[in-house]
Every structure is written in C-alpha cells, then in structure tokens.
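Each chain, letter by letter, is given below.
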Amino acid sequence: MFVECICIILIVYLLYKVYNPFDFWTKLGVVQVKPMPPIISSIYGMTMSPRDGVLMAYNMFPKERFFGVYNLWRPVLCLRDPELVERVLINDFSHLYNRSIAPDAETTAVGEQLASLTDEKWKALRNKLSPTFTTGKIKGMHEQLKKCSESLVKYLSKREPGESLEFKDLSSRVSMDVIASVAFGLDLDLINNPGSEFYKIGKLAFRPSYVMKVLFLLQPMVPKSMIQYFIDAIEETLKYRKDNDIQRQDFLHLMTELEKKDEEQKRKGTISPGDPGFFSHKTLLSNAFAFFTGGFDTTGSALGYLFYELAINQDEQDRIYEEIKSVVSKHDGVLTTESVGELKLLDYALSETLRIHPPAVGTDRVVTKPYQIPGTDIVLPVGVTISILGYGFNLDPQYFPEPDKFNIDRFNPENITFPKGAFIPFGDGPRRCIAERFVRYAIRVIAADLLMNYKLMVGPKTEIPLKYDPRSFLLIPENGVWLKVAKRGEI
Ligand code: HEM
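Here is what the cut-offs are and how they apply
- Residues numbered from 1 in each chain as written.
- Predicted model: local features only at pLDDT ≥ 70, side-chain atom pairs only at ≥ 80, totals over all residues.
- Heavy atoms only, no water.
- Helix = DSSP H or I, 4+ residues; strand = E, 2+ residues; numbered from the N terminus.
- Buried < 20%, exposed > 50% of the residue type's maximum accessible area, 1.4 Å probe, protein only.
- Areas by Shrake-Rupley, 256 points an atom, 1.4 Å probe, with all protein chains shown as cover.
- UniProt positions renumbered as here; feature names shortened; annotations may be inferred.
- Contact = heavy atoms within 4.5 Å.
- Arc of directions from axis to C-beta.
- Pairing = 2+ DSSP bridges.
- Near = heavy atom within 4 Å.
- Polar contact = N/O pair within 3.5 Å; in protein donor to acceptor, adjacent residues only side chain to side chain.
- Axes fitted to C-alpha atoms, helices over the stretch in contact; angles between N-to-C directions.
- Left-handed = near helix turned anticlockwise from the far one by under 90°.
- Nonpolar A, V, L, I, M, F, W, Y, C, P; charged D, E, K, R; others polar.
- Parallel < 35°, antiparallel > 145°, perpendicular 65-115°, else oblique.
- Phe/Tyr/Trp six-rings, centres within 6.5 Å; stacked < 30°, edge-to-face > 60°.
- Lys NZ or Arg CZ within 6 Å of the ring centre and 35° of its normal.

**Focus: the overall build of the chain**
Turning to step 1, where the next piece is worked out: Counting its regular elements, the chain contains 19 helices and nine strands.
Turning to step 2, where the next piece is worked out: The buried share among the 491 residues of the chain stands at 54%.
Turning to step 3, where the next piece is worked out: For the chain, the computed accessible surface area is about 22500 Å², with 58% contributed by carbon and sulfur atoms.

**Here we look at the UniProt feature "binding site: heme" (unreviewed entry) in the chain**
Turning to step 1, where the next piece is worked out: Here the UniProt-annotated "binding site: heme" (unreviewed entry) positions come out as Cys433.
Turning to step 2, where the next piece is worked out: Structurally, Cys433 can be placed in the loop between α18 (390-394) and α19 (436-453).
Turning to step 3, where the next piece is worked out: Residue classification places Cys433 among the partly exposed residues on the basis of a relative accessible area of 32%.
Turning to step 4, where the next piece is worked out: Apart from the residues within four sequence positions on either side, Cys433 is in contact with Arg126 and Phe426.

**Structural notes on helix α6 (residues 119-129)**
Turning to step 1, where the next piece is worked out: Those residues of α6 not exposed but buried are Trp122, Leu125, Arg126 and Leu129. Buried residues of α6, seen end-on, are gathered within an arc of 105° and therefore sit on one face of the element.
Turning to step 2, where the next piece is worked out: On its buried side, α6 packs onto α13 (251-268) and α14 (281-312).

**Quick look at the pairing of strand β9 (residues 482-487)**
Turning to step 1, where the next piece is worked out: Pairing of strand β3 (residues 165-166) with β9 involves two bridges; the strand directions are antiparallel. Bridged to Glu166 within β9 is Trp482.
Turning to step 2, where the next piece is worked out: Both strand β8 (residues 454-458) and β9 contribute to a ladder of five bridges, which runs antiparallel. Note on β9: the bridge partner recorded for Tyr454 is Lys487.

**What about the site of the ligand?**
Turning to step 1, where the next piece is worked out: With respect to spatial proximity, 25 residues lie near the ligand, and among them Trp122, Arg126, Thr363, Arg365 and Cys433 are the closest.
Turning to step 2, where the next piece is worked out: Within the contact set of the ligand, an oxygen atom lies 2.8 Å away from a side-chain nitrogen or oxygen of Trp122.
Turning to step 3, where the next piece is worked out: At a separation of 2.6 Å, an oxygen atom of the ligand approaches a polar side-chain atom of Thr363.
Turning to step 4, where the next piece is worked out: Contributions of two or more residues to the shell around the ligand are made by α6, α14 and β4 (363-366).

**Quick word on the packing of helix α9 (residues 167-184) against α14**
Turning to step 1, where the next piece is worked out: Running from amino to carboxyl end, α9 crosses α14 at an angle of 145°, the nearest separation of the two axes being 7 Å. For the element pair α9 and α14, the recorded crossing hand is right-handed.
Turning to step 2, where the next piece is worked out: A class-by-class count of the residues in the contact of α9 with α14 yields 13 nonpolar, eight polar and two charged.

**Observations regarding the packing of helix α12 (residues 224-244) against α14**
Turning to step 1, where the next piece is worked out: Where α12 meets α14, the axes come as close as 10 Å, and the angle between the chain directions of the two elements is 115°. Relative to α14, α12 is oriented roughly perpendicular. The two elements α12 and α14 cross, and the hand of that crossing is right-handed. Each of Met226, Ile227, Phe230, Ile231, Ile234, Glu235 and Leu238 in α12 lies in contact with α14, whose residues at this interface are His281, Leu284, Leu285, Ala288, Phe289, Phe292 and Thr293.
Turning to step 2, where the next piece is worked out: Each residue belonging to the contact of α12 with α14 can be placed in one class, and the counts come to 11 nonpolar, two polar and one charged.

**Comments concerning the packing of aromatic side chains**
Where two aromatic rings form a pair, the distance of their centres and the angle of their planes describe that pair.
Turning to step 1, where the next piece is worked out: Tallying each qualifying case throughout the model produces 22 aromatic pairs.
Turning to step 2, where the next piece is worked out: Here Tyr229 and Phe230 contribute two aromatic rings whose centre-to-centre distance is 5.4 Å and whose plane-to-plane angle is 90°, an arrangement assigned as edge-to-face.
Turning to step 3, where the next piece is worked out: A relative accessible area of 26% places Tyr229 in the partly exposed class.
Turning to step 4, where the next piece is worked out: Since its relative accessible area comes to 0%, Phe230 is described here as buried.
Turning to step 5, where the next piece is worked out: Look at Phe400 and Phe418: their rings are 4.7 Å apart centre to centre, the planes differ by 40°, and that puts the pair in the tilted class. Remark: Phe418 occurs in the loop between α18 and α19 and Phe400 occurs in the loop between α18 and α19; sequence separation between them is 18 residues. When sorted by exposure, Phe400 lands in the same class as Phe418, which is buried.
Turning to step 6, where the next piece is worked out: Ring-pair connections join several aromatic residues into one group, and the members of that group are Tyr229, Phe230, Phe289, Phe292 and Phe296.
Turning to step 7, where the next piece is worked out: Over the aromatic face of Tyr155 sits the side chain of Arg159, whose NZ or CZ is 4.2 Å from the ring centroid.
Turning to step 8, where the next piece is worked out: Over the aromatic face of Tyr321 sits the side chain of Arg488, whose NZ or CZ is 3.6 Å from the ring centroid.

Below you can see the structure in the form of structure tokens.
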C-alpha cells in the first residue's frame, strides 16, 4: 500500500509539472521561450553539444538584455548583456550567493565542497580556502608542476618521428598528474603509466553519457564507489605523511593545517563543529575530492585546446616559442618561477583558447534575496536561477570581431576593448573559480616545457574544425585532438 501511495503521489506530481502553464516569465513581464512540448524540449536540448546549446539560446532574442526559459519546469533567466553579468556576479552579489548545483551536504561523504556549499557555510569556507591559492603558495608548487611537465616531454621523446598523438588524452593525463600531485600529494606519472587505476576511475566518472547528462539535470551525482576510492587514497596519503613526518607544500598539506587549527580551537572551546566555518575532516576530504573532480577535466581540456590552436596557428606558435626562449635564457636556461610570470604571449594564447573553447561554457547564480533586475522594475523572487551564457559573448562579433579567428593579441591589455562581463571563462566576482591563478600558472609551466622542446603540428588525423561531444556538459572534443610533434633542433 505504501509503495502504491508513493507511486500515485509521484504521478500526480509529474502530471502537475508536465501541465504546469509555464507562464512564470510572462507574468513577470519577461520575454520567454515556452517549451513545446513541455519537458521533452529540455531533454532535447541536452542532446546538443554545449556550444550548440549555448549559441541557440544566446541567439534567440538578439535585441533583449535577458529572457526567460524553463529547465524542465524550473524558471531560469538567461543574461545576454555583459553589464548585467557584472552586476549579478560582482556588484549585486549579496542577492545572488549560490549556484544551482548543490549535492546534499548531509548525506554525501564529500558534500562539503566549496563549489556546492551555500550561504554562510560557503562564505566561511571560501575565506579559509582562498589563502591556499595565493601566488606565493602556487609558486611553492613549481617543482611538482615541473616534474609533471618533464614526464610529458620524456613521453614525447620516446615516440616515433611523425607519429599521430592524441593530445586531449595526454593533456588529461598530465592534468590529472598535476591535480593528484597538488591536491592528493601523489606522484603518479600517468603519462608513462597509462594503465593506472587512478586514471581509469577518474576517467570513468567523466565518461560522457546522455543518461548521466539528463539525470544531472535533476540531481548531481558521482558514483559512491568512485568517492570511496578517492577517500581511501587521501586517507592513505595522510597516514603515510603522519607516520613518516613528511611535509609537502601542496593543497593537502595546507588543508591539514586548517583542520589541525580548528581541532585545536575546538579543544579550547573557541569554535564548535556546528559553526558554519568549522574545518572538519569531512571538509578536508570533500575539498581534496572536489579539486580533483572540478580540476582535472577542465584543465586537461584547456591544455588540449591550447596545443590544438598552436598547431594550426604556426605563426602564433613561433612568436610564443621565441618569447619562451628569450625569457628562459635570461634565467640561465631554466624555467624558474620568475620566468613563468614573464610568459605574456603564452598567457594571452591561453585566454584566446579559453575564449574559443571554454571548458565551462557558462555559470549561474540563484537568487538568495529578492532581486530587482537593474534598469527595470522586475523583481525576481528567491530561488530563481540566473544563467550566464558566457560562451555566447565569446563568439559574438560585437565583442570579438572575427570570433573564429585565433588572435592572441586581443588579450594584450593595450588592445582590450570588450566589456569585462563578456569574457568570464573562470566566472567572476567573489564566487569566481578559486583556482584560476593556479590553472594559468600550471598550464604555462607545462606548455612552456613542451614548446621549448617540441614543435606542435597538424597531422593526417587532425580534425579542423573540432567537433564537440554532445554527451558532455563540459566542452570536450568528441574525437580527441590528434597532432604530430617534431623535436626542436631537428626541424
Ligand atoms: C581551465 C580550468 C578551469 C576552468 C575553465 C574553471 C572554470 C570554473 C568556473 C566557470 C567556475 C564557476 C565560477 C563562477 O560561478 O563564477 C569554477 C568554480 C570553481 N572551480 Fe574552477 N575551473 C578550472 C579549474 C579548476 C581547478 C584546477 C580547480 C581546483 C584545483 C578548480 C576549483 C574550482 C572551485 C573550488 C570552484 C567553486 C568556487 C566557489 O564556489 O567558491 N577549478 N571554475
């Protein structure tokens, strides 16, 4: 009887949702896209690549600053005005604290992740974790990053001349090496150990799938077995470090210090585990796990796309190579922390790559205090999601003339003409990607090391233009990034 009752309630609820009049936006006076037929169209949207999905939405109302859509039955406001984006992400942040994706912190072993926490808990944790990503701390990880880049160079040195290599996979491996090293304290060398269990499990969690993509619309999920695998890896590392009195300058160490400090304060009675900012062991596990899941595929894709663009834009690659040579020669032939900071053209190239191929095509915020849309008398109630179609701006000729052209000089500060809100591959405001500085630094180290030693080239299997995988939320190349390399000095 109980099961029957649940089924009836569920059916009534779904029927209500399916036949809900979808007039939330018209009642508020906002132009809207009414899904036809209801719900199915949301799922149909899921079958498109993130690029096609964003561009379709972005180009629906070219004259509007914003418009309403429905994600399944939930009303979502889409912004297409960079000034409004800045208001939402920065100036009016106090009305728009949270993001829409929030796994249940109580029931998930790794639920206390910065990216999904809300309100005061998020604020307190962000304050605690931000110092982990300062320039000084990142520079302290330089040698670990160098080790990862050297693995990639070593791997390339063993390949046959002219061999076609899949650089999305190589970039994911090296990125996972980087994250495993700085977040988990593990030296995996996944480039030269392709059969590693760590890589297989990490890849499995991000294997593109339509089913997962649609289910994710309802509730974000990560397989429990995967969570347990990583928790075990972190616990083992922590135990090994404690038993052997090892200290490494990485995120894990910095988070261990935060945990110790709060345990100490708990003993003194100055903080209690119920306080929003209490840094527990669960907080440590959650965020080590989150750095891994949030970091490796995004960074791997960005690196793979950078290599792709440099291979098809040889003139830009040559300019960057000359810059690397000249900067490194000033530092006795060594890629030091100072020299990484001087690789300006490489950083512009990374920005231009993220403009054309942003791994995360947008972000969102949830209204946490009634919010009057600037310049209107429309007030959004608490709970409404505001979606920012960042990728739409990136490809809009109004902001980036000849948007498909790879032109690194757009990001030379002297040439920048686009409004700030039109380029947000890492989001913006107090809730922007906490790791942007780290990512930019790590990618420069890996790319500079590779480019000093090898020239990237288009090969017979290079797909131009690249196709994106429709089964993924992230912008990932459907058929990989196939390139050739030639050893510098032998070209
Ligand atoms: C190319 C690589 C990456 C890209 C493009 C990227 C992009 C983003 C974006 C768009 C957001 C949302 C920002 C917003 O809503 O304003 C975000 C948030 C976040 N990212 Fe990244 N990310 C990258 C790499 C990483 C890495 C390597 C880590 C960890 C080591 C990381 C950790 C986070 C965290 C923790 C948040 C949530 C911040 C918060 O809610 O306070 N990301 N990222």
